[in-house]
Amino acid sequence: MTSSRAHLVHAVLIAAGTAFLDGAWRPGLSAASPVRTPVPALEQATQQVAPANQASGPGSQAEWGEGYAEELGIHYPTGPGLVTQVVQGREGQWILSMTADGPTSKWRISFQRTPVRQFGETPASRIEQIVGLIQSNDPEARLFDREALGLRIEGLQGAPRLPGELIYLRFPLKSGDQSGNQGIYGFSVNLINQNSFLYGNVFTDQASFEAGGREAIAGILERIRIEPEEARNIEQGRRMDSGSSVLARFTPEVLRSVAEDSVPEFYRIYERAPDGSERELGWQQVSTHLAAIEAVEIGGPRERPGPDEPSGLLVVVTGEVVSEYPEKSITIDVERRHWLALDRSRERWSMALTPRTVVGSGSRRVETNVGQTSGETGIRTAPQPRSTITIIDSDGTPEILDAPSGSTPLLSVAEPYVIGRLIKASGTEAFNADWYALDRSEARGSGIRKRKDLCRPDPETGGWVLTTRGPAGSFVQEFDARGRRIVRREALERNGEEFELILERIDPTRLLEIYAEKGLPTR
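Here we summarise the structure given alongside this text. (Residues numbered from 1 in each chain as written. Predicted model: local features only at pLDDT ≥ 70, side-chain atom pairs only at ≥ 80, totals over all residues. Heavy atoms only, no water.)

**With respect to the overall build of the protein chain**
The number of helices and strands found in the protein chain is 7 helices and 26 strands. Counting all 523 residues of the protein chain, 54% fall into the buried class. Within the protein chain, counting contacts between residues at least 6 apart in sequence, those at least 24 apart form 59% of the total. In the form shown here, the protein chain has an accessible surface area of approximately 22400 Å², with 49% of it arising from carbon and sulfur atoms. (Helix = DSSP H or I, 4+ residues; strand = E, 2+ residues; numbered from the N terminus. Buried < 20%, exposed > 50% of the residue type's maximum accessible area, 1.4 Å probe, protein only. Contact = heavy atoms within 4.5 Å. Areas by Shrake-Rupley, 256 points an atom, 1.4 Å probe, with all protein chains shown as cover.)

**Description of the pattern of salt bridges**
Inspection of the entire model under this criterion finds 41 salt bridges. With a closest N to O distance of 3.0 Å, Arg-484 and Asp-261 form a salt bridge. Of this pair, Arg-484 sits in the loop between strand S24 (473-479) and strand S25 (485-494) while Asp-261 sits in the loop between helix H5 (252-260) and strand S12 (265-272), and the two are 223 residues apart along the sequence. Judged by its relative accessible area of 3%, Arg-484 is buried. Its relative accessible area of 31% is what places Asp-261 among the partly exposed residues. Arg-268 serves as the salt-bridge partner of Glu-280, at 2.6 Å between the closest nitrogen and oxygen. One end of the pair, Glu-280, is in strand S13 (residues 278-292); the other, Arg-268, is in strand S12, with 12 residues separating them in the sequence. Judged by relative accessible area, which is 3%, Glu-280 ranks as buried. You can call Arg-268 buried: its relative accessible area is 7%. (Salt bridge = Lys/Arg side-chain N within 4 Å of Asp/Glu carboxyl O.)

**Topic: the pairing of strand S19 (residues 388-393)**
Direction of pairing for strand S18 (residues 374-380) relative to S19: antiparallel, over a ladder of 5 bridges. Paired with Ile-379 across the strands is Thr-390, a residue of S19. Pairing geometry for S19 and strand S20 (residues 398-402), over 5 bridges, is antiparallel. Counted as the bridge partner of Ile-389 is Leu-401 from S20. Here S19 folds back onto S20 in antiparallel fashion, the turn holding 4 residues, of which Gly-396 has a positive phi close to 85°. (Pairing = 2+ DSSP bridges.)

**Quick word on the nonpolar core**
Phe-250, Leu-255, Leu-313, Val-315, Val-418, Leu-422 and Phe-431 are the most contacted members of the largest nonpolar core, which has 35 residues in total. Counting 30 residues, the second largest nonpolar core, distinct from the first, contains Leu-72, Leu-82, Val-202 and Ile-226. (Core = buried A, V, L, I, M, F, W, Y, C linked by side-chain atoms within 4.5 Å.)

Okay, structure coming up:
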């Protein structure tokens with residue numbers, strides 16, 4: 001299967017909001033593409049996004065708001081002319097990006113945490129490393145300013161501030177450029193604690209820098225406040241405890257009730273561009289069953305267990321990718337099965353992807369395989385005392401990960417598909433929780449990484465709204481009063497253009513009508 005075709009397959013699965021294939025890839029995006037944070041995000045994310053063409057930069061303007069990037073522990077200013085977003089880099093690190101794009105001044109500043117690599121390392125020594133690296137790669141880069149930079153600590157007035165430094169370098173925008181057009185690098189390094197720095201990066205051009213950019217950036221740095229590590233750790237611990245508390249409510253009785261509520265849910269998956277145009281990606285059906293573990297095998301035995309067989313929640317996901325090569329009538333069948341023990345102690349899943357050619361003549365239709373079925377099997381063992389996750393691909397190559405142990409909350413691979421129904425069945429009203437989930441994103445590789453969820457009741461529908469910031473992206477889901485998902489929305493960016501990835505509950509007959517109108521093949 002080609003890489004691009006596999007990407008579209010992932011879109012069908014990603015849109016389910018699963019921990020497994022809620023990876024970094026999104027339709028048409030490279031693995032390094034930033035993931036935009038939806039608004040509203042988590043409880044403390046008061047980020048305001050203003051149109052970038054309102055001003056040349058915030059500078060000394062009075063209309064300041066404030067956002068909070070919890071992953072970095074940074075309170076940051078927002079305002080007209082300033083676009084802010086929290087993105088995740090290739091290595092999984094969180095980055096706060098702030099951009100001004102006005103008629104006379106264009107600049108970008110970003111922040112991320114980096115580890116202290118050597119004992120006794122200081123902001124000054126890290127700055128020296130950065131300058132040396134830049135000048136070795138670009139001999140024309142010239143240092144023209146260096147100053148102390150003490151970022152404020154939240155809750156403390158005046159001194160003390162976090163120790164740090166800021167430097168600026170000037171360099172030709174193009175090698176050998178005789179026009180005098182210069183670019184500006186800026187770097188700041190502040191020591192947050194014994195183990196990490198806060199690393200800032202500024203990029204602009206000399207004209208923008210001199211036309212108010214420097215003052216605007218100085219204003220940003222003056223208004224930045226760093227959450228004390230102790231307070232940040234206490235808040236993170238509180239949300240982790242909340243995650244454990246929520247999962248403790250997913251009792252065997254709750255999982256059994258969800259398993260036996262087997263009415264399937266049918267979804268349309270598509271993307272919507274800023275101009276309102278829509279592109280179909282595929283469809284998906286989700287159903288639940290009470291089943292023995294053997295039922296997880298695709299094409300396996302009966303689903304309902306016998307009286308002496310251990311039972312569990314089986315989530316069956318079938319779907320189809322329809323838009324890779326519609327002119328050739330090629331589609332890709334998708335089937336996933338996730339089994340979770342009723343006591344949540346162990347789980348197992350399987351996946352199969354099958355490319356097909358759809359051939360029709362009048363009312364007659366023939367389906368022909370056009371490629372080999374690829375698949376995957378995953379197993380999480382019960383603690384003995386250690387719990388492991390083993391993932392085996394079509395080639396039989398195993399990958400083994402250690403699962404969190406003890407009181408660390410771990411969301412299973414199956415639960416995100418039915419999270420709304422679990423919330424309903426467990427009597428959960430609202431929560432602001434951190435827990436861990438399996439991340440299979442291409443950019444970072446497999447790992448157990450933190451996922452953040454804010455759940456709040458929706459008084460208009462009697463259901464819930466769930467905002468998720470996962471290992472590889474952020475999205476919002478709406479559920480009805482029964483806990484069944486209505487829609488899932490994710491704001492993304494591709495080649496500088498924003499679009500929205502949507503999974504929306506739909507009647508299958510209406511979906512067939514849409515496909516017929518667009519001339520898309522489907523099985």
